[in-house]
Amino acid sequence: MYNSAVNIQTWISIVSAVVAIVSAVFAGLRTREASRARQAAERNAAAAEESAKTAREALEVGRRAWITVQPKIVHSDSSTSVPLRVELPLHNGGDTPGLNVRGDVRLSLWPCLPAELRFEDARDFGALGPKDRVMAVVNLDLDCRDDVERVPKKELFTYLWGRVRYRDVFGQEHETAWTYIHDRQSDQFLVWAGEQYNYST
């Protein structure tokens, strides 16, 4: 009788242990599946956020302000054809305004282009509406009349250079910089140097 009670108790302990083990296994599986589901949800949320960010950036790029320039010679020296005054329309080709437009436009005689151009926000153009333009007029920086005479000798060259900075309606700051050299043969300004001197952000 005693042995039977012991056997029953042993079987109960074994069954309880098996049940505990099975329960632990199922709990572990549920935890692992829950962790996988959570990770999948986090990946999906991150992917959705990245997709929304990409769509937002594409919308901003497609609709933001883009300011470009196109120089026009107004007055030149009669004997040397050196530009003395240039008009530079700042054109916003975007679908939204450019805000706080400010910059620097210069017309200089140099033997070669400096390694670094120093800009100042010397002019305040205010806001520039979509598809709108504002005219910047710049006169030649002339220290000495004799400098003009050195241009035909190719001792000096005429450079039109500058930069504008502005903010778009999405709160992002942008810059447009340009450097042109005057070609006396065609009497046109040609884009000069590389991306260091000509860029748009």
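The structure displayed is predicted, hence computed values, not measured ones.

A.B. asks: Provide a residue-level description of the packing of aromatic side chains, including the pertinent values.
C.D. replies: Within this structure, the stated rule accounts for four aromatic pairs. With a centroid separation of 5.4 Å and an interplanar angle of 35 degrees, the aromatic rings of Trp 110 and Trp 161 are classed as tilted. With Trp 110 in strand β4 (residues 98–110) and Trp 161 in strand β7 (residues 157–167), this pair connects stretches of sequence that are 51 residues apart. Note on Tyr 180 and Phe 189: the rings are 6.5 Å apart at their centroids and 75 degrees apart in plane angle, and the pair reads as edge-to-face. For Phe 189, a relative accessible area of 11% puts it in the buried group. Taken together, the aromatic side chains of Trp 110, Phe 119, Tyr 159 and Trp 161 make up a single cluster linked through ring pairs. When the ring centre of Trp 66 is taken as reference, the NZ or CZ atom of Arg 64 above it lies at 3.5 Å.

A.B. asks: Give a description of the pairing of strand β8 (residues 173–183) that names residues and reports values.
C.D. replies: Along β8, eight of the eleven residues are buried, which leaves the element largely enclosed by surrounding structure. Bridge count between β7 and β8: nine bridges; the pairing is antiparallel. Considered in β8, the bridge of Leu 160 is made with Tyr 180. Linking β7 back to β8 in an antiparallel pair, the connection comprises five residues, with Gly 171 at a positive phi of about 90 degrees. In sequence, β8 turns back onto strand β9 (residues 188–191) through a hairpin of four residues, with Asp 187 there showing a positive phi of about 55 degrees.

A.B. asks: Tell me about the layout of surface pockets, and name the residues and values.
C.D. replies: The space that makes up the largest pocket amounts to roughly 180 Å³. Listed by contribution, the elements that provide at least two residues to the lining of the largest pocket are β7 and β8. Looking at which element gives the most residues to the lining of the largest pocket, the answer is β8, with three residues. For the lining of the largest pocket, the residue count by class is six nonpolar, three polar and three charged.

A.B. asks: An account of the side chain of Asp 168 is needed here, citing residue identities and associated values.
C.D. replies: You can see Asp 168 is positioned in the loop between β7 and β8. Summary of buried charges: Asp 168 has no salt-bridge partner, and the nearest side chain of opposite charge, Arg 64, is 4.6 Å away. From its side chain, Asp 168 meets the backbone nitrogen of Phe 170 in a polar contact 2.8 Å long. There is a polar contact of 2.7 Å between the side chain of Asp 168 and the side chain of His 174. Not counting residues within four places of it along the chain, the set of residues in contact with Asp 168 comprises Arg 64, Ala 65, Pro 97, Leu 99 and His 174.

A.B. asks: How would you summarise the pattern of salt bridges if you had to cite specific residues and measurements?
C.D. replies: Scanning all chains against the criterion turns up eight salt bridges. A salt bridge links Arg 102 to Asp 121; its shortest N-O distance comes to 3.9 Å. Of this pair, Arg 102 sits in strand β4 while Asp 121 sits in the loop between β4 and β5 (123–128), and the two are 19 residues apart along the sequence. Under the relative-accessibility criterion, Arg 102 is labelled buried at 13%.

A.B. asks: Describe unusual backbone geometry, listing the residues and the values that go with them.
C.D. replies: A positive phi angle, close to 55 degrees, is found at Asp 187, a residue other than glycine. Looking at the secondary structure, you find Asp 187 in the loop between β8 and β9. Within the chain, Ala 193 stands out as a residue other than glycine whose phi angle is a positive 70 degrees. You can see Ala 193 is positioned in the loop between β9 and β10 (199–200). Of the residues examined, Ala 193 reaches a relative accessible area of 41% and is grouped as partly exposed.

Cut-offs used in this document
Residues numbered from 1 in each chain as written. Predicted model: local features only at pLDDT ≥ 70, side-chain atom pairs only at ≥ 80, totals over all residues. Heavy atoms only, no water. Phe/Tyr/Trp six-rings, centres within 6.5 Å; stacked < 30°, edge-to-face > 60°. Helix = DSSP H or I, 4+ residues; strand = E, 2+ residues; numbered from the N terminus. Buried < 20%, exposed > 50% of the residue type's maximum accessible area, 1.4 Å probe, protein only. Lys NZ or Arg CZ within 6 Å of the ring centre and 35° of its normal. Pairing = 2+ DSSP bridges. 1 Å grid on protein atoms, 1.4 Å probe; cavity = no way out; pocket = protein on both sides within 12 Å on 5 of 7 lines; lining within 4 Å. Points joined across faces, edges and corners; volume = space filled by probe spheres on them. Nonpolar A, V, L, I, M, F, W, Y, C, P; charged D, E, K, R; others polar. Lys, Arg positive; Asp, Glu negative; His and termini not counted. Salt bridge = Lys/Arg side-chain N within 4 Å of Asp/Glu carboxyl O. Polar contact = N/O pair within 3.5 Å; in protein donor to acceptor, adjacent residues only side chain to side chain. Contact = heavy atoms within 4.5 Å.

Geometry only, nothing functional implied.
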